[in-house]
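These are the residues of each chain, in order.
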Amino acid sequence: FSSDDLNHHLVLAQETRRVLDRLAGFTLSPVLWKTIAPGLSAGRVQSVGMALLVQRERERLKFESSEYWNVHGIFQPMDNEAAAILKAQLISKNGQLLVLGGTDFEANPANNLREASAHKLHLDSPDVAMQLLENKDKKYKWTVANVTSTRRQRRPPEPFRTSTLQQEAVQCLGYSVSQTMTLAQQLYEEGFISYMRTDSNHLSEDATSAIQQEIVQDFGGIDNYNPPTRSSKKNKKKAVPDNSTEVESGAHEAIRPAIQSNGKFTKPSELSAISASARQLYELIYCRTIASHLPAQISNATTIRILGESKEEEVLFRASGSVVLSPGYTIAYGNSFKNNDDDVLPPLQEGQILTCHRVEASQHFSQPPPRYNEASFVKKLEALGVVSIQHIG
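What you see is a predicted model, and the numbers here were worked out from it, not measured in a lab. (Residues numbered from 1 in each chain as written. Predicted model: local features only at pLDDT ≥ 70, side-chain atom pairs only at ≥ 80, totals over all residues. Heavy atoms only, no water.)

Trainee: Let's hear about the overall build of the protein chain: which residues, and what values?
Mentor: Scanning the protein chain from terminus to terminus reveals eight helices and nine strands. Out of the 393 residues belonging to the protein chain, those deemed buried represent 40%. Put simply, of all contacts in the protein chain between residues at least 6 apart along the chain, 74% involve residues at least 24 apart. Counting only carbon and sulfur atoms, one obtains 49% of the accessible surface of the protein chain, whose full area is about 22,400 Å². (Helix = DSSP H or I, 4+ residues; strand = E, 2+ residues; numbered from the N terminus. Buried < 20%, exposed > 50% of the residue type's maximum accessible area, 1.4 Å probe, protein only. Contact = heavy atoms within 4.5 Å. Areas by Shrake-Rupley, 256 points an atom, 1.4 Å probe, with all protein chains shown as cover.)

Next up, the structure:
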């Protein structure tokens with residue numbers, strides 16, 4: 001072995017990282033010693049993280065909350081008390097759109113609409129709702145203006161890599177990043193999952209074979225086996241099978257259940273010698289891996305608009321919901337981990353006459369940008385390209 005065998009570009013890259021760590025750390029670390037605790041250090045990753053936290057806190061300090069009111073009506077087909085009721089939101093009055101959310105406002109000063117929302121009607125009191133309430137049947141004729149449906153396809157998620165596992169464990173299980181990595185390390189050491197520090201979504205042929213066996217046995221049969229394709233970011237028209245032998249970034253596969261001697265994955269129900277927390281994390285990894293090779297979820301997204309007409313004015317209400325036509329990957333990775341419940345709308349037809357039972361007004365306030373939690377912090381760092389699997393967990 002000689003120096004000629006070294007990749008000097010990698011050597012220079014490593015030395016550059018050391019210089020960046022020192023340039024950032026020598027100025028920032030003393031600040032951490034004074035404000036947080038002695039002995040802390042900050043390098044090229046931690047310094048960006050600190051800047052993000054400070055920037056977000058400054059945004060929150062400058063923020064001024066704005067008050068707005070939303071109006072909802074409760075409707076039902078006329079002369080059919082057995083029909084399902086429908087809750088719809090007021091979206092316009094005399095053709096003028098209403099402010100419906102906090103995103104219509106500037107961060108400061110309070111009650112100042114953004115330029116793109118300046119044309120909207122801002123309800124800063126419940127007066128409009130009270131006016132509708134007093135005259136909901138005497139003054140207005142309620143009809144279904146239109147019903148539109150759009151087929152929606154939700155693609156299955158990719159297998160976990162380190163950062164996405166951390167984010168999902170926070171959101172679905174309430175585990176901290178450090179707890180997630182500790183449990184993943186235990187599962188790896190006991191031979192239940194593949195290596196847990198990876199930035200790759202690739203799965204080996206042995207892994208896809210094990211996934212196929214699981215789907216055939218427990219998730220709807222061979223017809224539900226749907227190996228994904230990967231689209232190149234540089235050329236979206238080019239797609240290659242997920243089990244391609246193309247070299248992936250990083251030396252490891254995605255995080256997945258380990259393949260046992262029988263060529264299969266261990267089912268979560270078969271893990272009895274580990275803690276409940278570790279079993280929950282394994283189940284999350286198992287279900288996500290299976291889901292990556294199941295079909296997309298297909299649903300119909302439906303929007304109903306209800307028109308209220310009088311001699312003086314007209315108001316328009318809107319209700320949205322969806323009906324799942326094919327559950328797809330959610331049979332493995334669905335509501336047990338994600339809250340995907342959508343409003344179910346009653347069957348209504350355009351021109352149908354409705355009765356308005358009541359009108360409700362609800363007070364709201366715009367909210368400041370939320371503080372980062374561990375999942376959103378990792379996601380932000382990853383999006384900026386300043387975090388690697390060596391620096392999270």
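Trainee: Go over the pattern of salt bridges, please, and point to the residues and values.
Mentor: Under the criterion given, the structure shown has twelve salt bridges. Salt-bridge contacts for E313 lead to K93; the nearest nitrogen and oxygen are separated by 3.8 Å. Residue E313 is located in the loop between strand 7 (297-309) and strand 8 (314-326), and its partner K93 is located in strand 2 (residues 86-93); the two are separated by 220 residues in the primary sequence. Each member of the pair, E313 as well as K93, carries the same accessibility label: buried. The salt bridge partner of E168 is R288, with a shortest N-O separation of 3.7 Å. Taken together, the residues span a long stretch of sequence, with E168 in helix 4 (residues 162-173) and R288 in helix 7 (residues 276-291) at a distance of 120 residues. Residue classification places R288 among the buried residues on the basis of a relative accessible area of 9%. Members of the salt-bridge network, linked through shared partners, are K87, R358 and E360. (Salt bridge = Lys/Arg side-chain N within 4 Å of Asp/Glu carboxyl O.)

Trainee: Residues and numbers for the packing of aromatic side chains, please.
Mentor: If you walk through the whole model with that rule in mind, you get nine aromatic pairs. Among the aromatic residues, ring-to-ring pairing joins F75, Y140, W142 and F317 into one connected group. One Lys or Arg, R56, reaches over the ring of Y372 and ends 4.5 Å from the middle of that ring. (Phe/Tyr/Trp six-rings, centres within 6.5 Å; stacked < 30°, edge-to-face > 60°. Lys NZ or Arg CZ within 6 Å of the ring centre and 35° of its normal.)

Trainee: For the packing of helix 4 against helix 5 (residues 177-189), give the residues involved together with the corresponding values.
Mentor: Packing of helix 4 against helix 5 brings their axes to within 9 Å, and their N-to-C directions diverge by 115°. As helix 4 runs across helix 5, the sense of the crossing is right-handed. For the pair helix 4 and helix 5, contact is made by T162, L165, Q166 and A169 and by V177, T180 and M181, respectively. Residues that form the contact of helix 4 with helix 5 fall into these classes: four nonpolar, three polar and no charged. (Axes fitted to C-alpha atoms, helices over the stretch in contact; angles between N-to-C directions. Left-handed = near helix turned anticlockwise from the far one by under 90°. Nonpolar A, V, L, I, M, F, W, Y, C, P; charged D, E, K, R; others polar.)

Trainee: A description of the nonpolar core should follow, citing residues and the corresponding values.
Mentor: L187, I193, L281, Y282 and I290 are the most contacted members of the largest nonpolar core, which has 37 residues in total. Looking at this core, the elements that each hand over two or more residues are helix 4, helix 5, helix 6 (205-218) and helix 7. With nine residues, the single largest contributor to this core is helix 7. The residues touching L187, leaving out its near neighbours within four places in the chain, are F192, I193, I274, A278, L281 and Y282. Core analysis: the second largest hydrophobic core is formed by 23 residues, V71, A88, V315 and V359 among them. (Core = buried A, V, L, I, M, F, W, Y, C linked by side-chain atoms within 4.5 Å.)

Trainee: Now, about the pairing of strand 4 (residues 141-154): what can you tell me, with residues and values included?
Mentor: Judged from the 13 bridges that link them, strand 4 and strand 7 form a sheet pairing that is antiparallel. Looking across to strand 7, one finds that W142 is bridged to G308. (Pairing = 2+ DSSP bridges.)

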